[in-house]
Amino acid sequence: MATEHQFKPLVSEQLLVPAEDLPSDGDRLWRGHRMIWKRPASWVPQLSAWLAPRFRRDGMRRLKPGLFRDLCWDDLDWSRTLEKCLTADIDYHTEELAEAIEPAILRTYHGCRTADAGIYHREGLHTHDRPAMIKRLQAIVEAHPELQAEKDRLPEAIAAVDNKLDQGRVFVVADDQALITEAAHYLIYGSEWISSVLAFHRHVLKKIGAPTLLEIDMPLIMSSFAARREFATQMLREWTRLTCNQPDWSAPINFTFTLRVNIPPECVIRHSHPRELVDPLAHFSTYRVLKAECANCRS
Ligand SMILES: [Zn+2]
């Protein structure tokens, strides 16, 4: 719903100024282009340039860029607002965008717990390999005297966790805000599968290494078309919200890419160790990190 509250009126010419020097064809526009969701300046001009020829003749008049609309950031009406301005229905343009961004690169994030994040810089981030995870689990049990009694019960505990969804997959997210505030258990306890098998001894996992946030420049060609289409939907909605409401904050999307290939080490840009996290497995209490560093930080 549009309101009378109109601030900093934005005419279409102003909207397209940052896009003026960009190539007009989609392939040159997106090939190798690096996007960071929470930094709209890294993708909004490209999307403006891509959208410009798709606007109806009176599209900008319909959009009224700069006119505040009283909608939540995740309201579906952002798609309908944009659709009224375009030459075809929103699903068509969303699929076109999903194809267009295939050669682009998106900054993504992965949460884990490790004693040495250097392994990700050296070997990349691998899909869940169950035999390798069982070996890691056995090593954890071996290394902690308080778990010795669990040794014999381990095969039974493994069988009880009937989760095959992780196998052959690795998950990265498009925005670290949701990972830190809603899903920090990946950073506090590490592997969800190991954490499930050791559900009654989870505290031991907090003794290993440090909570770690990996930043990964993921080539979007590594993701499925369906995931890119869903992400394109989010891009178009957010572009419309940013163009209309001109907020000074980006939408905190909770968006996960499920990959079936290993992420090579050159895509792992950096890692960090957050000092304070909210633990969803402990009634959302605050978890303060005593040692926010790993072997790689100290070397
Ligand atoms: Zn480190």
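Residues numbered from 1 in each chain as written. Predicted model: local features only at pLDDT ≥ 70, side-chain atom pairs only at ≥ 80, totals over all residues.

Caption draft 1: How the structure looks around the overall build of the protein chain. Across its full length, the protein chain carries 14 helices and ten strands. For the C-alpha atoms alone, the extent of the protein chain along its principal axes is close to 75 × 40 × 35 Å. In the protein chain, which comprises 299 residues, the share counted as buried stands at 30%. Considering only intrachain contacts with a sequence separation of at least 6, the fraction spanning at least 24 residues in the protein chain is 83%. (Helix = DSSP H or I, 4+ residues; strand = E, 2+ residues; numbered from the N terminus. Buried ≥ 20, exposed ≤ 12 C-beta atoms within 10 Å, placed from the backbone. Contact = placed C-beta atoms within 7 Å.)

Caption draft 2: Structural view of the pairing of strand β4 (residues 105–114). Of all ten residues making up β4, eight are buried, and the element is well covered by its neighbours. Of the strand pairs in this sheet, strand β2 (residues 34–35) and β4 are connected by two bridges, and their pairing is parallel. Bridging across to β4, Arg34 finds its partner in Ile105. Sheet topology note: the β4/strand β6 (residues 210–219) ladder contains ten bridges and is antiparallel. Within the sheet, the bridge partner assigned to His110 lies in β6 and is Leu214. (Pairing = 2+ DSSP bridges.)

Caption draft 3: Representation of the nonpolar core in the model. Ranked by size, the top nonpolar core spans 55 residues in total, and within it Ile101, Ile216, Met218 and Ile263 carry the most contacts. If you tally residues by element for this core, the top one is helix α13 (residues 225–245), at six residues. Once you skip the residues sitting within four places of it in the chain, Ile101 turns out to touch Trp30, Leu220, Arg228 and Ala232. In terms of nonpolar packing, the next biggest core, distinct from the first, is built from six residues, Val141, Ile194, Val197 and Leu198 among them. (Core = buried A, V, L, I, M, F, W, Y, C linked by C-beta atoms within 7 Å.)

Caption draft 4: Broad picture of the packing of helix α6 (residues 90–100) against α13. One way to put it is that α6 packs onto α13 with a least axis distance of 8 Å and a crossing angle of 115°. By crossing handedness, the relation of α6 to α13 is classed as right-handed. On α13, the residues that touch Thr94, Glu95, Leu97 and Ala98 of α6 are Phe225, Arg228, Arg229, Ala232, Thr233, Met235 and Leu236. Residue classes in the contact of α6 with α13 are distributed as six nonpolar, two polar and three charged. (Axes fitted to C-alpha atoms, helices over the stretch in contact; angles between N-to-C directions. Left-handed = near helix turned anticlockwise from the far one by under 90°. Nonpolar A, V, L, I, M, F, W, Y, C, P; charged D, E, K, R; others polar.)

Caption draft 5: Region of interest: the environment of Leu67. Here Leu67 is to be found in strand β3 (residues 67–69). Judged by local crowding, Leu67 falls into the partly exposed class, with 18 C-beta atoms found within 10 Å.

Caption draft 6: View of helix α3 (residues 44–51). Counted residue by residue, α3 has seven buried out of eight residues, so it is predominantly covered. Within the span of α3, buried status applies to Val44, Gln46, Leu47, Ser48, Ala49, Trp50 and Leu51.

Caption draft 7: Molecular detail of the domain arrangement of the protein chain. Along its sequence, the protein chain is organised into domain 1 (2–105 + 220–251) and domain 2 (107–219 + 258–298). When each unit is reduced to the centre of its C-alpha atoms, the spacing between domain 1 and domain 2 is 35 Å. Per-class residue counts for the side of domain 1 that touches domain 2 are eight nonpolar, one polar and two charged. (Domains from an automatic or database assignment.)

Caption draft 8: Local environment of unusual backbone geometry. Of note in this structure, His283 is not a glycine but carries a positive phi near 55°. Along the polypeptide, His283 turns up in the loop between β9 (276–279) and β10 (285–288). Assessed through the 7 C-beta atoms surrounding it within 10 Å, His283 is described here as exposed. Even without a glycine there, the phi angle at Phe284 is positive, about 55°. Topologically, Phe284 is positioned in the loop between β9 and β10. Overall, the presence of 12 C-beta atoms within 10 Å leaves Phe284 in the exposed class.

Caption draft 9: Summary view of α13. With 21 residues, α13 extends 30 Å between its outermost C-alpha atoms, agreeing within 8% with the 30 Å of an ideal straight helix rising 1.5 Å per residue. Downstream of α13 by one or two residues, Gln246 has phi in the positive range, about 45°. (Expected span 1.5 Å × (residues − 1).)

Caption draft 10: The arrangement of the environment of Tyr109 in detail. Here Tyr109 lies in strand β4. The spacing of Tyr109 and Lys151 is 42 residues in sequence and 34 Å in space, taken between C-alpha atoms. Contacts of Tyr109, omitting those with residues within four sequence positions, involve Val172, Val173, Asp176, Leu179, Leu213, Leu214, Glu215 and Ile216.

Caption draft 11: Structural view of the confidence of the model for the protein chain. Here the protein chain averages 90 in pLDDT, while 96% of its residues score no lower than 70. Between the elements of the protein chain, mean pLDDT differs from a low of 44, seen in strand β1 (residues 2–6), to a high of 98, seen in β2. When the criterion is pLDDT under 50, residues 1–7 qualifies, and its contacts beyond four places in sequence or with other chains add up to eleven contacts. (pLDDT = per-residue confidence, 0-100.)

Caption draft 12: Molecular detail of the environment of Pro247. Examined against the element boundaries, Pro247 turns out to sit in the loop between α13 and β7 (256–259). Taking the number of C-beta atoms within 10 Å as the measure of exposure, Pro247 has 12 and is therefore exposed. Counting along the chain gives 179 residues from Pro247 to Phe68, while the straight-line C-alpha distance between them is 9.4 Å.

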